Amino acid sequence: MAKDLSKIAKQKKIKYFLISFVDLFGVLRSKLVPAEAIKEMQKNGAGFAGFATWLDMSPADTDMFAIPDPESLIQLPWKKEIGWLASDLWMNGKPVEASPRVMLKNQIKKLSKDNMVIKSGVECEFFLINPEGTAIADSRDTQSKPCYDQSALMRQYDLIKEICDSMLKMGWGPYQNDHEDANGQFEMNWNYTDSLNTADRHVFFKFMVKTIAEKNNLRATFMPKPFENLTGNGCHAHISLWRNDKNLFLDKGDKLGLTRLAYNFLGGVLNSAEALSAFFNPTINSYRRIDAPTTMSGATWSPSKISYTGNNRTHMIRVPDSGRFELRLMDGSANPYLLQAGIIAAGIDGMKKKRDPGQPLFVNMYTDGDNYPNIKKLPSDLEEALENLSNNEVLLSAFGEKNITSYLKLKEKEIKYFNNKDKFSKKDPITVWEKLNTLDC
Ligand SMILES: [Mg+2]
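Everything quoted here is computed from the prediction, not taken from an experiment.

Right, let's get into the overall build of the protein chain. Counting secondary structure elements, the protein chain contains 14 helices and 18 strands. Relative to the globule expectation of 22 Å for 441 residues, the C-alpha radius of gyration of the protein chain, 21 Å, shows essentially globular dimensions. Principal-axis analysis of the C-alpha atoms gives the protein chain an extent of 65 × 55 × 50 Å. Per-residue burial for the protein chain yields a buried fraction of 48% across its 441 residues. The contacts in the protein chain between residues at least 6 apart in sequence include a share of 72% that link residues at least 24 apart.

What follows is the structure, given as structure tokens:
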């Protein structure tokens, strides 16, 4: 029996609900609904015109309905009278298959048939910048190696504390906050959990960080590369596969601590990496972060090639510890649902086909990567990533050709629009279009 939101509203003194969904471009959209109307909305959903969002729909289509998932309810820590809800999109009595949360749930369902669950944690890096988006917020944050800078971290203590306190209250299990490798850049970590929960929290985290930054007269950006000379915003994920209480990736006898199943899963991710890039690095700006020139701190911390290793951050996949791996391809503009869905789809393929990832490579890829010309490179721009997605049988069959076509159609339109106004080159400065369209991703 699903939780009764109307009753919960009375118990928790919730006056309004935000019935939210994320479209294919990762934009968070909502209706603000008074508690008096939530009973009806919980049953039938809040109505939206699909064409008005980044979903492949026409203005002539009937209404789509966002039906809230009561399990996702979060009382806004900074305004308790509002309850936030993630929802699934429905149209004509059926789920909207080409919508991100539904796409993720469909992949989760496939794993659940074998009683398996992906657990994952995400590391969402962000910058604190001025409201105009022209510079980092803290003009004294100028060290050439600013990572873990205590003074720069503590100058933002009030803001970081408010976000971390919120995560503590919500029960996310936050455990560390730091200044990252770029001036003005931060990261806050909370516990891993099942992939749907992590995706919902990822969506809420971005909303929360942006909102609390605004309250402090600042702006937070998850843009993959807001400043050419600084390290970009990654969104690494740590992945393990579970059946009940057993981690199916853990083999303490193996040199990296992984089971054969984990290697096969990883083999699937390596095999589809170029296509996955269309989901994981979905903006034009994303490709300034991948295979980027060295930054002021001395390293980009982002991958250039499709390789894996042990505890070494210069590869696309790092195995930092036994029983899990870290995928470092994703950036701050990745859609939280497609991020998880893409990993699961590629991993299922790897396990099914018993894909062999080959031997791990224990070299510094930044200095020695060129000595391995047979290792495939990541796409160099969004167009190339989309091209790879359109030819990738694994993802086409996992998500359905029609749904992938919808995604490609919208993204190709975006590129066309950009190309009419500007030209993308990693050698040129970040364009005004990128800033206008990606700063608030
Ligand atoms: Mg980081």
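What follows covers the pairing of strand β8 (residues 117-124). Look at any regular strand and the pattern is simple: side chains alternate between the two faces of the sheet. Sheet topology note: the β8/strand β14 (residues 235-243) ladder contains 8 bridges and is antiparallel. Across the sheet, residue Glu 123 finds its bridge partner in β14, namely His 236.

Moving on, we come to the domain arrangement of the protein chain. How large an interface is tends to be reported as the accessible area lost when its parts come together. Taken as a whole, the protein chain is organised into domain 1 (8-96) and domain 2 (107-438). Of note, the centres of domain 1 and domain 2, computed from C-alpha atoms alone, are 27 Å apart. At the junction of the two partners, domain 1 supplies 12 residues and domain 2 supplies 17 residues. Residue composition of the side of domain 1 that touches domain 2, grouped by class: 9 nonpolar, 2 polar and 1 charged.

What links the strands of a sheet is backbone hydrogen bonding, and the strands pair in either a parallel or an antiparallel sense. Sheet architecture is open: 4 strands sit in the order β10-β11-β9-β13, paired in antiparallel fashion. Either end of the sheet is taken by a strand with one partner, and the two such strands are β10 (174-179) and β13 (219-221). Taking the axes of each pair of neighbouring strands and ignoring which way they run, one obtains an average angle of 30 degrees across the sheet. Here β10 pairs with strand β11 (residues 185-190) via 5 bridges, running antiparallel. Following the sheet pairing, Asn 177 is matched in β11 by Met 188. Sitting on the sheet, helix α5 (residues 157-170) is in contact with β10 and β11, with an inclination near 165 degrees to β10. Lying over the sheet, helix α6 (residues 195-215) contacts β9 (126-129) and β13, oriented at roughly 155 degrees with respect to β13.

If you check helix α7 (residues 260-271), its first and last C-alpha atoms are 16 Å apart, about what 12 residues at 1.5 Å a residue would give, namely 16 Å. The element α7 is largely enclosed, with a buried count of 10 among its 12 residues. Within the span of α7, buried status applies to Ala 262, Tyr 263, Asn 264, Phe 265, Leu 266, Gly 267, Gly 268, Val 269, Leu 270 and Asn 271. The secondary structure elements touched by the buried residues of α7 are β14, α8 (273-280), β16 (308-309), β17 (317-318), β18 (325-327) and α9 (336-352).

Counting buried residues in strand β1 (residues 16-22) gives 6 out of 7 residues, a clear majority hidden from the surface. With 5 bridges connecting them, β1 and strand β6 (residues 82-91) associate as parallel partners. The partner of Ser 20 across the bridge, within β6, is Ala 86. With 7 bridges joining them, β1 and strand β2 (residues 28-34) adopt antiparallel strand pairing. Bridging from a neighbouring strand, Leu 18 pairs with Leu 32 of β2. Counting the residues between successive antiparallel strands, the hairpin from β1 to β2 contains 5 residues, one of them, Gly 26, with a positive phi of roughly 80 degrees.

Positive phi values are uncommon outside glycine, yet Tyr 148 reaches one of about 65 degrees. Here Tyr 148 is to be found in the loop between β9 and α4 (150-154). A count of 11 C-beta atoms within 10 Å places Tyr 148 in the exposed class. Although it is not a glycine, Asn 217 sits at a positive phi angle of roughly 60 degrees. Following the sequence through the fold, Asn 217 ends up in the loop between α6 and β13.

Relative to the helices and strands, Gly 173 resides in the loop between α5 and β10. For the pair Gly 173 and Asn 191, spaced 18 residues apart in sequence, the C-alpha to C-alpha distance is 5.3 Å. For Gly 173, the contacting residues outside a window of four places in its chain are Trp 190 and Asn 191.

What counts, and where the lines are drawn
- Residues numbered from 1 in each chain as written.
- Predicted model: local features only at pLDDT ≥ 70, side-chain atom pairs only at ≥ 80, totals over all residues.
- Helix = DSSP H or I, 4+ residues; strand = E, 2+ residues; numbered from the N terminus.
- Rg over C-alpha atoms; globule rule 2.2 N^0.38 Å.
- Buried ≥ 20, exposed ≤ 12 C-beta atoms within 10 Å, placed from the backbone.
- Contact = placed C-beta atoms within 7 Å.
- Pairing = 2+ DSSP bridges.
- Domains from an automatic or database assignment.
- Nonpolar A, V, L, I, M, F, W, Y, C, P; charged D, E, K, R; others polar.
- Axes fitted to C-alpha atoms, helices over the stretch in contact; angles between N-to-C directions.
- Expected span 1.5 Å × (residues − 1).

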